[in-house]
Amino acid sequence: MLDFIRGITRPVITFLLVGTLCGLVVRLLWRITVPPLPAEVWVGLIASFTTAVTVTLAFWFGSRGTK
């Protein structure tokens, strides 16, 4: 049971951190007034944010087996 708790702790913390980060970014973007940007800029911003989240998740899950 203790091994299960240790194994599930890192994914739970990771998802909480990523969820908090996503929530903060969405809230900031919702509150600020941005000038109208072309669709290509928005696609680039969303793609870079998604890439950052994916790299963070890959790092956390990839480092899980190393001690």
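Anything mentioned here points back to the structure above.
For every chain, the first residue of the written sequence is number 1, and numbering continues from 1 along that sequence. For this predicted model, a pLDDT threshold of at least 70 governs which residues receive local features, and a threshold of 80 or more governs which side-chain atom pairs are given and counted, while totals over whole chains, interfaces and linings are taken from all residues. Heavy atoms from the whole structure form the basis of all side-chain values; hydrogens and water molecules are not counted.

Peer 1: Would you take a moment to explain the overall build of the protein chain for this structure?
Peer 2: Each helix and strand counted, the protein chain has two helices and zero strands in total. Put simply, the radius of gyration uses C-alpha atoms, and a globule should come to 2.2 Å times the residue count raised to 0.38. In terms of overall dimensions, the protein chain is more spread out than a globule: its C-alpha atoms have a radius of gyration of 16 Å, far above the 11 Å expected for 67 residues. In terms of principal-axis extent, the alpha carbons of the protein chain reach across some 50 × 20 × 15 Å. Whether a residue is buried, partly exposed or exposed follows from its accessible area with a 1.4 Å probe, protein chains only, as a fraction of its type maximum: under 20%, in between, or over 50%, in that order. By the burial criterion, 9% of the 67 residues in the protein chain qualify as buried. The way it works is that DSSP assigns letters per residue, a run of H or I at least four long becomes a helix, a run of E at least two long becomes a strand, and they are numbered from the N terminus.

Peer 1: Whenever I open this one, a nonpolar patch on the surface confuses me. Can you help?
Peer 2: Within this analysis, patches are made of residues with over 30% relative accessible area and no salt bridge. Like charges are joined at 9 Å or less; nonpolar side chains (Val, Leu, Ile, Met, Phe, Trp, Tyr) at 5 Å or less. Reported accessibility uses the Shrake-Rupley method at a 1.4 Å probe radius. Residues are deemed covered only where the shown protein chains occlude them. Throughout this description, the term salt bridge denotes a Lys or Arg side-chain nitrogen within 4 Å of a carboxyl oxygen of Asp or Glu. On the surface, M1, F4, I5, I8, V12 and L16 cluster together to form a nonpolar patch covering roughly 650 Å² of accessible area. Looking at where I5 falls in the secondary structure, it is placed in helix α1 (residues 2–31).

Peer 1: I'm lost on α1 in this one. Help?
Peer 2: Owing to its 3.6 residues per turn, the α-helix aligns residues three or four sequence positions apart on the same side. An expected span of 1.5 Å times one less than the residue number is assigned to each helix. Across its 30 residues, α1 extends 43 Å between first and last C-alpha, which sits within 8% of the 44 Å expected from 1.5 Å per residue. The largest bend in α1 is about 25°, located at T9, with the proline P11 one to four residues further on. Within the span of α1, buried status applies to G7, P11, T14 and V18. Those residues of α1 that are buried lie in contact with α2 (39–62). Throughout, the bend at a residue refers to the angle made by two axes, fitted to the seven residues ending there and to the seven starting there. Whether two residues are in contact is decided by their heavy atoms: any pair within 4.5 Å suffices.

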